[in-house]
Amino acid sequence: MYRYDEFDSQFVNDRVSQFRDQANRRLTGELSEDEFRPLRLMNGLYLQLHAYMLRIAVPYGSLDSAKLNTLAYIAEKWDRGYGHFTTRQNLQFNWIKLEDTADILAKLAEVEMHAIQTSGNCIRNVTTDQWAGAAADEIADPRPIGELVRQWSSLHPEFSYLPRKFKIAVTGSPNDRAAVRVHDIGLRLHLNDRGERGWEVLVGGGLGRTPVIAVTVRDFLPEHELIAYLEAIMRVYNLYGRRDNKYKARIKILVHEIGAEKFRAEVETEYARRPHADTKVEERELQRISAYFAAPQFEKLPRWSATFEEARAKNKDFANWVRTNIAAHRADGYAIVNISLKPEGGIPGDATADQMRVVADLAQRYSFDEIRVSHHQNLVLPHVKRDDLFAIWKVLQASELATSNIGLAGDIIACPGLDYCSLATARSIPIAQSISRKFADLNRQHEIGPLRINISGCINACGHHHVAHIGILGLDKKGEEFYQITLGGSSADSASIGTILGPGFAGEDVPEAIEKIVNTYLARRQPGEEFLAAYRRLGPQPFKEALYAAA
Amino acid sequence: MTTTATEKGKILTANRLRDGEVVFLTHSGEWSENIDGAVLATEPQAQAALEARGKGDERVNLVTGTYLFDAERRDGHVFASHIKERIRSLGPTVRVDLGKQAEGKGGHFAALQGV
Ligand code: SF4
């Protein structure tokens, strides 16, 4: 299980007392808001629509029961009894008081958690596959590399004042679940013919107002060269990235403006110029870090579990849940459990303190005390015995946590939108709720098959709408909310940015529009053809006709 | 229903520094959590005076992030023109059990629910 090393603990504790002092000075007026704002943002504290919002980092989306129980405790003591899991695998509390924040940070530090580097123009927390270290299709656990990158980038003086925020994602599996193609830097593990590891380095992807798919600058970078190479990329960015215009400051704009070829050449020149790191040191460091992510001691189990098969045959609801919410584990007899935080009509990503405790307890009893947060705003129990699945499902069911819709129409990603976020132009959550109700029939969801619907409440695209099969963007037209629909986006291996279909819709008309899109797909799909594949074959035309045909 | 004349103008709002609570400037220069207590400035001069007052309270660290927004007063109640301010003065539309609307401090217009 991942934990901080001593350096980090000391550092986090120092930061808490530093913040306590800063907050006190702000409250007594020694610090003005202009002086204080960057300090609170560095500690993850934002001012939102109804109160302060605290964004807590969950590195690699990895939690244990002590951490999740602490989040539940904070939710009850200092917030309103719930928290919101985000697409950045973080947790946000929406009702925080400035005067309580230092106490909350101190409570978090007790379980080695913090809110550092969740904002500002630095390298943000590295994100990865929520099934890291568990997935059957994984080449290697990507988290040690993520951690190597984090330790290198954290508080690196050269990279604390970048032109703009910087996001890195890492995947160790051939099936990309970390959306590496839409990050500033994406790292993707490959094996060569000799079985050696190398990293594909992708640069310049991103969402927001200018969505772009990243370009590959290296196909197969030996592992020990990774940090030195990343440093070369950061140097080039720091040197040429625009600082005059915040909307043009991301590395994607630089790559776009000078072209992939020129960018690659600049990086290679910079890389060649640099003294190369001692590979032994890198390898030793990586080994040291890997120990923190050591896989649990899996028992040797038969692949086939009679208990499980029997339960599945007897109980249709359980069988349905298994079909969508269980993923293949790399160890025989084990499974990955995906816990949907998307009940029918619910708020995507919200979990109550009680639900957090239920999941923490299950993790402790059945999953080697590990929990993960996925960027789809769901939770994961990564290492569960197949024998225990039925018992777990029963407990989840009693807490409204057993909706069998992972990857289906009801598994909607939605940012907080105008219900909470001060940057929003429209609400996202009610749209998610009304679509979820429209597709409430789970049998129908299973019939439709894999479908990714994502909603953002403004152009910042925290809801990743550009890379959804069906993306919804909330905008403001003369004081009224309206919603633009895009089709055909994907963040997976063949990543693509969705295409805008036509004029937007009023909120109340969105569910009906989604229904028409889905019906068009159902009418025209070939046997076994998923939504995205059908869209790519058919193009936008039939969907446009269905949506905009004269009524 | 008796209708009185509708007054249009601007209201000064902010977040209270210590807890972030949404507040509105009142006639007496206090900050109210309830939008109905807000003073509505119809003239540019009065609006400027509100702003100045707000800046002053920012300097003495009562509130932060003051700004004016459009609203109108009808039957003694204040209605924010834009949905964002309506949500700020009530609470999240998806959690009507939370925020001002649940604490009896909400505005006098219906919460937006669903879409
Ligand atoms: S996309 Fe916009 S509305 Fe949604 S959370 Fe991000 S900034 Fe807020």
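No experiment lies behind these values; they were computed from the predicted model shown. The residue numbers shown here count from 1 along each chain, following its written sequence. Chain letters and ligand numbers both follow the written order, the letters beginning at A and the numbers at 1. Two thresholds apply to this predicted model, a pLDDT of at least 70 for residue-level local features and 80 or more for giving and counting side-chain atom pairs, whereas whole-chain, interface and lining totals are computed over all residues. With hydrogens and water stripped out, all remaining heavy atoms of the structure feed into the side-chain values.

Moving on: the pairing of strand E5 (residues 77-80) of chain B. Regular strands place side chains that alternate from one sheet face to the opposite one. Residues and elements named next belong to chain B. As defined by bridge partners, strand E4 (residues 63-74) adjoins E5 across 4 bridges and the pair is classed as antiparallel. When the bridges of E5 are listed, Arg74 appears paired with His77. Should DSSP find at least two bridges between two strands, the strands are regarded as paired. A run of DSSP states H or I qualifies as a helix once it reaches four residues; a run of E qualifies as a strand once it reaches two. Both are numbered from the N-terminal end. Counted along the chain from E4 to the antiparallel partner E5, the turn is 2 residues long, and its residue Asp75 has a positive phi close to 50°.

Before going further, it helps to spend a moment on the packing of aromatic side chains. Stacked, tilted and edge-to-face are the three classes assigned to paired rings of Phe, Tyr and Trp, where Trp is represented by its six-membered ring and a pair needs centres within 6.5 Å; plane angles under 30 degrees give stacked, over 60 edge-to-face, the rest tilted. In total, this model carries 18 aromatic pairs over all chains according to the counting rule given. Centre to centre, the rings of Phe318(A) and Phe390(A) are 5.0 Å apart; their planes meet at 85°, and the pair counts as edge-to-face. In this pair, Phe318(A) is assigned in helix H11 (residues 316-325) and Phe390(A) in helix H13 (residues 389-398), connecting sequence segments 72 residues apart. Take Phe318(A): its relative accessible area is 0%, and that puts it in the buried class. You can call Phe390(A) partly exposed: its relative accessible area is 26%. Judged by centre distance (6.2 Å) and plane angle (75°), the ring pair of Phe24(B) and Phe69(B) falls under edge-to-face. With a gap of 45 residues between them, Phe24(B) in strand E2 (residues 22-25) and Phe69(B) in strand E4 connect regions that are remote in the sequence. Phe69(B) shares its class with Phe24(B); the two are buried. Of the aromatic side chains, those joined through ring pairs into one cluster are Phe308(A), Phe318(A), Trp321(A), Phe390(A) and Trp393(A). We call a charge positioned over a ring when the NZ of a Lys or the CZ of an Arg lies within 6 Å of the ring centre and within 35 degrees of the ring normal. Just above the ring of Tyr73(A) sits the side chain of Lys107(A); from NZ or CZ to the centre is 4.6 Å. It is Arg95(B) that lies over the ring of Tyr82(A); its NZ or CZ is 4.5 Å from the centre. The classification of residues rests on relative accessible area computed with a 1.4 Å probe and restricted to protein chains. Under 20% of the type maximum is buried, over 50% is exposed, and intermediate values are partly exposed.

A few words now on the side chain of Gln48(A). By secondary structure assignment, the location of Gln48(A) is in the loop between strand E1 (45-47) and strand E2 (52-56). For Gln48(A), a relative accessible area of 14% gives the class buried. Here a polar contact is taken to be a pair of N or O atoms separated by no more than 3.5 Å, where protein atoms must pair a possible hydrogen donor with a possible acceptor and residues adjacent in sequence count only if both atoms sit in side chains. A polar atom in the side chain of Gln48(A) sits 2.8 Å from the backbone nitrogen of Ser422(A). Residues are treated as being in contact if the distance between any of their heavy atoms lies within 4.5 Å. Dropping the residues within four chain positions of it, Gln48(A) is found in contact with Met53(A), Tyr420(A), Cys421(A), Ser422(A) and Asn15(B).

In this section: the site of the ligand. Residues are counted as near a molecule or strand when any one of their heavy atoms sits within 4 Å of it. Inspection of the region around the ligand gives Cys415(A), Pro416(A), Gly417(A), Cys421(A), Leu423(A), Ala424(A), Gly457(A), Cys458(A), Asn460(A), Ala461(A) and Cys462(A) as its neighbouring residues. Residues were grouped as follows: Ala, Val, Leu, Ile, Met, Phe, Trp, Tyr, Cys and Pro as nonpolar; Asp, Glu, Lys and Arg as charged; and all remaining residues, including Gly, as polar. For the shell around the ligand, the residue count by class is 8 nonpolar, 3 polar and no charged.

This brings us to the sheet that holds strand E9 (residues 197-203) of chain A. Residues and elements named next belong to chain A. Taken together, 5 strands build an open sheet; the order of strands is E6-E7-E8-E9-E10 and the sheet is mixed. Edge positions in the sheet fall to strand E6 (127-128) and strand E10 (215-222), since each of these pairs with one other strand and no more. The strands touched by helix H8 (residues 260-273) are E9 and E10; relative to E10, the strand with the most contacts, the crossing angle is about 35°. Fitted lines through C-alpha atoms serve as axes, helices being fitted only where they are in contact, and the angles separating the N-to-C directions of these axes extend from 0 to 180 degrees.

The next subject is helix H18 (residues 541-548) of chain A. Residues and elements named next belong to chain A. Residues Pro542, Phe543 and Leu547 constitute the buried set of H18. The buried residues of H18 occupy an angular sector of 130° when the element is viewed end-on, so they sit on one face. The inward-facing, buried residues of H18 contact strand E19 (480-487), strand E21 (505-506), helix H16 (510-524) and helix H17 (531-538). Each direction from the helix axis to a C-beta atom contributes to the arc, which is the arc of those directions.

Contacts between the two partners involve 35 residues from chain A, matched on the other side by 26 residues from chain B. Accessible surface is computed with a 1.4 Å probe, and the buried area is the amount of it that two parts give up when combined, taken over both parts together. Across the interface of chain A and chain B, roughly 2500 Å² is buried in total on both sides, 60% from carbon and sulfur atoms. On the chain A side of the contact with chain B, Leu49(A), His50(A) and Arg427(A) bury the most area, a combined 21% of that side's loss. Within this document, salt bridges are pairs made up of a side-chain nitrogen of Lys or Arg and a carboxyl oxygen of Asp or Glu, the two lying within 4 Å of each other. Counting across the chain A and chain B interface gives 2 salt bridges.

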